[in-house]
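# Working through the structure, step by step
Okay, here's what each chain looks like letter by letter:
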Amino acid sequence: MRPGLDPVDLCDLTIHELHDRLARREVRAQELLQAVQERIRRVEGIVHAYVTQTLESAEVEAAAIDAHLARGEPLPPLAGIPVALKDIFCTEGVRTTCGSRILHPYVPPYDATVVARLKAQGVILLGKLNMDEFAMGSSTETSAFGVTRNPWNPEYIPGGSSGGSAAAVAAGECIASVGTDTGGSIRQPAACCGVVGLKPTYGRVSRYGMIAFASSLDQGGPITRDVTDAALVLQAIAGHDPLDFTSIPADVPDYVAALTGDARGVRIGLPREYFLEGLDPEVARAVREAVRVLEGLGATIAETSLPHTDYALAAYYIIAPAEASSNLARYDGVRYGHRGGPGALRQMYMRTRQEGFGSEVKRRIMLGTYALSAGYYEAYYRKAQQVRTLVRQDFEEAFRRFDVLATPTMPTPPFKLGEKLQDPLQMYLSDVYTIPVNLAGIPGLVLPCGFSADGLPIGLQLIGRPLDEATLLRVGHAFEQATDYHRRRPPLATGG
Ligand code: GLN
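Notes on the structure follow.

Procedures and definitions
Residues numbered from 1 in each chain as written. Predicted model: local features only at pLDDT ≥ 70, side-chain atom pairs only at ≥ 80, totals over all residues. Heavy atoms only, no water. Buried < 20%, exposed > 50% of the residue type's maximum accessible area, 1.4 Å probe, protein only. Helix = DSSP H or I, 4+ residues; strand = E, 2+ residues; numbered from the N terminus. Pairing = 2+ DSSP bridges. Near = heavy atom within 4 Å. Polar contact = N/O pair within 3.5 Å; in protein donor to acceptor, adjacent residues only side chain to side chain. Areas by Shrake-Rupley, 256 points an atom, 1.4 Å probe, with all protein chains shown as cover. 1 Å grid on protein atoms, 1.4 Å probe; cavity = no way out; pocket = protein on both sides within 12 Å on 5 of 7 lines; lining within 4 Å. Sits in = over half its atoms within 2 Å of the grid points. Nonpolar A, V, L, I, M, F, W, Y, C, P; charged D, E, K, R; others polar. Axes fitted to C-alpha atoms, helices over the stretch in contact; angles between N-to-C directions. Contact = heavy atoms within 4.5 Å. Lys, Arg positive; Asp, Glu negative; His and termini not counted. Salt bridge = Lys/Arg side-chain N within 4 Å of Asp/Glu carboxyl O.

Okay, the pairing of strand β4 (residues 176-181) next. Across the six residues that make up β4, a large majority, six, are buried. Burial along β4 is two-sided: the residues Ala 176, Val 178 and Thr 180 and Ser 177, Gly 179 and Asp 181 are all buried. Sheet analysis places strand β2 (residues 82-86) next to β4, joined by three bridges and oriented parallel. Counterpart to Leu 85 in the pairing with β4 is Val 178. Bridge analysis of β4 against strand β6 (residues 219-224) gives five bridges, and the strand direction is antiparallel. Opposite Val 178, over in β6, you have Pro 222 as the bridge partner.

This part covers the site of the ligand. Taken together, the neighbourhood of the ligand is formed by 15 residues, with Gly 183, Ser 185, Tyr 316, Arg 364 and Asp 431 sitting nearest. Thr 182 is positioned such that a nitrogen or oxygen atom in its backbone is 2.7 Å from an oxygen atom of the ligand. About the coverage of the ligand: the protein hides 100% of its 300 Å² of free accessible area. Mapping the ligand onto the cavity grids shows that it belongs to the largest cavity. For the shell around the ligand, the class distribution of residues is five nonpolar, seven polar and three charged.

This part takes up the sheet that holds strand β5 (residues 196-199). Strand order across the open sheet formed by 11 strands is β1-β3-β2-β4-β6-β5-β10-β11-β9-β7-β8, with mixed pairing between neighbours. The sheet is open, and its two borders are formed by β1 (50-53) and β8 (300-304), each paired with just one other strand. This sheet shows a mean twist of 30° between the axes of neighbouring strands, independent of strand direction. Across five bridges, strand β7 (residues 267-271) lies against β8 in parallel orientation. Along β8, the bridge assignment pairs Leu 270 with Glu 303. Each of β2, β3 (124-129), β4 and β6 is contacted by helix α6 (residues 163-171), which is oriented at about 155° to β4, the strand it contacts most. Contacting β7, β8, β9 (404-408), β10 (444-451) and β11 (457-464), helix α9 (residues 281-296) crosses the sheet at an angle of about 55° to β11.

Once that is clear, we can look at the environment of Ala 482. Residue position: Ala 482 is located in helix α16 (residues 469-482). As for Ala 482 and His 48, which are separated by 434 residues in sequence, their C-alpha atoms are 33 Å apart. Contacts of Ala 482, omitting those with residues within four sequence positions, involve Val 293 and Leu 297.

Moving on to the side chain of Arg 489. Inspection of the secondary structure assignment puts Arg 489 in the loop between α16 and α17 (491-494). For the buried Arg 489, no salt bridge is present, and the opposite-charge side chain at shortest range is Asp 12, 4.2 Å distant. Polar side-chain contacts of Arg 489 include one of 2.9 Å to the backbone oxygen of Asp 12. Of the polar contacts made by the side chain of Arg 489, one reaches the backbone oxygen of His 486; its length is 2.9 Å. Apart from residues no more than four positions distant in its own chain, Arg 489 is found in contact with Asp 12, Trp 152, Arg 225 and Thr 494.

What follows is the structure, given as structure tokens:
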């Protein structure tokens, strides 16, 4: 190792900082990988972010990048960067669990489009990260592979369902990750762990090879250390994919070029319904302070209203379980993974699903099946779809006057492990501010904007028009230029 380049520090840098060092050949991809491996060895026993590690193939990939650099060839922006993925993305030859026992011992024969696109850029894949089972949860406590802990304080949740991704990025156990967001699962854990999370517009990022939870809501997106990194990862994974028929056939803009450092003239709306009772005063203070920073940067701020916000959570908890009950019908012990047997066919089905699914997944399957059943469909599913339209129209109306909406991400700072696990309704309420964005199919960016008195991160959510991720990134990046929350690292990472 050359002087001045402490291997531990490398793990806490961003993609763009590391890219510069790699491209200038100040550091080799193999050195960077070693530094991250060392960090994993040091903190993984506490954080438990990984379900599966792929260290051997990572070493081969890093050596290939170093050979590429030695030949003097140009380096794509993500080449040589150690990345790990939420264990919901299919990875060729690498076990994929979706946080569940029921897929065991599934090893996909193909890569998800997101994975293929990252590989094409030359990222170093470190492994697969923990998550709530089938992405159902807000704390990563429903995983069949044990809980993940918040690197800022291991007694607290890292958020969920992409809790392994957010915790790993915060703790320096990978440089960046890709998660998925059906009702908040990228944004809420990003807020809990003090990192950046972007849920793109529905259809912006291919869902091919991403294990389905609620197909009309699921969307993959970056979890990174800063907004520039989110732009770089989105650039790599976004774009039309003929293998996903909901993928949008639109050009992908240059997201990094959108980062002008300037928020002048951006009209930001504060939806009244997101600042009412139930919002923790520390979170409210941090978000309002962040809005003042944006105003200081030249954005104009005004209050607005999204009148159907109150009904969004209830509609989501009909639509998402209904779609899940249909998507999860395929886990029958015949085609995939775990089989509960022996016995007659019906017994085998029952045993497979009884043994394979955890209680939150079973709860959702039952709720969803009920909501879709004859006689109830009209009262529940159809009604929920009508509410969904109203929620979407609220946003359309607001975006006539505003370019961006600014809100809290979660009503409270991260809570303690175990605190809400026995009370599903309390757990579901963690997502009141993130769910409407999924129902509307629009993009949402979360970035760190403060800390609670207990030293736990708080996230600001910026919501944008369909396909206008660029404006969110621009505003978020301008905020970062004026603040240093994105530079803070948990004491665990720095050895404190
Ligand atoms: N917490 C929400 C749920 O449990 C959202 C999960 C997600 O976005 N995948 O459904």
